[in-house]
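Spelled out from the first residue to the last, the chains are:
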Amino acid sequence: MNSEELVAVATDTAQTALAHRIVTPHSKKKAGELLRAVKQLIKQSDEQIGPVVKSAHENHKAAKALMKSVQDPLKTAEGHLKECIATYTAEEVRVGKSEREAREAQAAKHHAAFVDAGLDATPPPAVFAAPPQKLEGVSVSERESAVVTDLTAFLTAIATNSVWHEAVKVDHTKLTKLVKVRGPVDGVEMHTKRVVSARS
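As a starting point, this report considers the structure included with it. The structure presented is a predicted model; accordingly, all values stated were derived computationally and were not measured.

### Thoughts on the overall build of the protein
When helices and strands are counted, the protein shows 4 helices and 0 strands. Taking 16 Å as the expected radius of gyration for a compact globule of 200 residues, we find that the protein reaches 35 Å, considerably beyond that expectation. Counting all 200 residues of the protein, 8% fall into the buried class. In the protein, of all internal contacts separated by at least 6 residues, the share reaching a separation of at least 24 is 54%. Accessible surface, the protein as shown: approximately 17,700 Å² in total, 59% of it carbon and sulfur. Across the protein, the 28 positively charged side chains and the 25 negatively charged ones have centroids separated by 14 Å.

### Overview of the side chain of Ser27
Mapped onto the secondary structure, Ser27 falls in helix H2 (residues 25-116). Every residue in contact with Ser27, bar those within four places of it in the chain, is listed here: His20, Arg21 and Ile22.

### Side note on a nonpolar patch on the surface
Residues Ile49, Val52 and Val53 make up a contiguous nonpolar surface patch of about 250 Å² in total accessible area. Here Ile49 lies in helix H2.

### Things to note about the side chain of Thr13
Along the polypeptide, Thr13 turns up in helix H1 (residues 3-19). With a relative accessible area of 14%, Thr13 lands in the buried category. Setting aside anything within four residues of it in sequence, one finds Thr13 in contact with Ala37, Val38 and Leu41.

### Side note on H1
The end-to-end C-alpha distance of H1, which contains 17 residues, comes to 24 Å, matching closely the 24 Å that a straight helix rising 1.5 Å per residue would cover. For H1, the N-terminal capping position is held by Asn2, with its side-chain oxygen 3.1 Å away from the main-chain nitrogen of Glu4.

### Side note on the pattern of salt bridges
Oppositely charged side chains can form a pair if their charged atoms are brought close together. Following the criterion strictly, the structure yields 2 salt bridges and no others. Lys68 serves as the salt-bridge partner of Asp72, at 2.8 Å between the closest nitrogen and oxygen. Of this pair, Asp72 and Lys68 both sit in helix H2, 4 residues apart, which is roughly one turn of the helix. Judged by its relative accessible area of 32%, Asp72 is partly exposed. Where Glu78 meets Lys82, a salt bridge forms, and the shortest distance between an N and an O atom there is 3.2 Å. Of the two residues, Glu78 and Lys82 both sit in helix H2, 4 residues apart, roughly one turn of that helix. For Glu78, a relative accessible area of 40% translates into the label partly exposed.

### Side note on the packing of H1 against H2
Across the interface, H1 lies against H2 with an axial gap of 10 Å and an inter-helix angle of 155 degrees. With respect to their mutual orientation, H1 and H2 come out roughly antiparallel. Crossing hand, H1 versus H2: left-handed. Seen from H1, the contacting residues are Ser3, Leu6, Val9, Ala10, Thr13, Thr16 and Ala17; seen from H2, they are Leu34, Ala37, Val38, Leu41, Gln44, Ser45, Gln48 and Ile49. Partitioned by chemical class, the residues of the contact of H1 with H2 number 9 nonpolar, 6 polar and no charged.

Cut-offs and rules
Residues numbered from 1 in each chain as written. Predicted model: local features only at pLDDT ≥ 70, side-chain atom pairs only at ≥ 80, totals over all residues. Heavy atoms only, no water. Helix = DSSP H or I, 4+ residues; strand = E, 2+ residues; numbered from the N terminus. Rg over C-alpha atoms; globule rule 2.2 N^0.38 Å. Buried < 20%, exposed > 50% of the residue type's maximum accessible area, 1.4 Å probe, protein only. Contact = heavy atoms within 4.5 Å. Areas by Shrake-Rupley, 256 points an atom, 1.4 Å probe, with all protein chains shown as cover. Lys, Arg positive; Asp, Glu negative; His and termini not counted. Charge placed at Lys NZ, Arg CZ, Asp CG, Glu CD. Patch = residues over 30% accessible without salt bridge, like charges linked within 9 Å, V, L, I, M, F, W, Y side chains within 5 Å. Salt bridge = Lys/Arg side-chain N within 4 Å of Asp/Glu carboxyl O. Expected span 1.5 Å × (residues − 1). Polar contact = N/O pair within 3.5 Å; in protein donor to acceptor, adjacent residues only side chain to side chain. Axes fitted to C-alpha atoms, helices over the stretch in contact; angles between N-to-C directions. Parallel < 35°, antiparallel > 145°, perpendicular 65-115°, else oblique. Left-handed = near helix turned anticlockwise from the far one by under 90°. Nonpolar A, V, L, I, M, F, W, Y, C, P; charged D, E, K, R; others polar.

Right, dumping it as structure tokens:
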């Protein structure tokens, strides 16, 4: 059958299978037949459409490899330049703050001398340091991100306050392997799921 016919048969078979319910030994037998038919259609689609997918996949891989060869060095360069700009900007901010504080101290000292001499009773003038240089088409901002520095303390916080639960995702595959190797652990149960397999 051609691809359009295969799609039509697959759609009909899938709809029949999804509507099927097992309530008797006969309907269970029918489910087995439907399951084998489904597997057969999957196998047929692999044989008929698989080569097209494989060719497209190989072309996709070649195109991705070409793009990678172009973009990887550029992305490395981008990361390097961003890090350099961020580091230099942070230094500009630090130096600007130090410079401002030094100028403020100097202004306060001069102002105090004027006040002591009875020449000036106004507050010392405001002192401004030069802001970091801005680059055309480039923005520099500050973003905060949380980093776990003490896993034990963080796990204790999670255990005592459920608000932190949404920040954690459990790797169930790894957890299952660990429980099988190391044995039971508090708060974890092993559940058994029946798995059905069929030949086409």
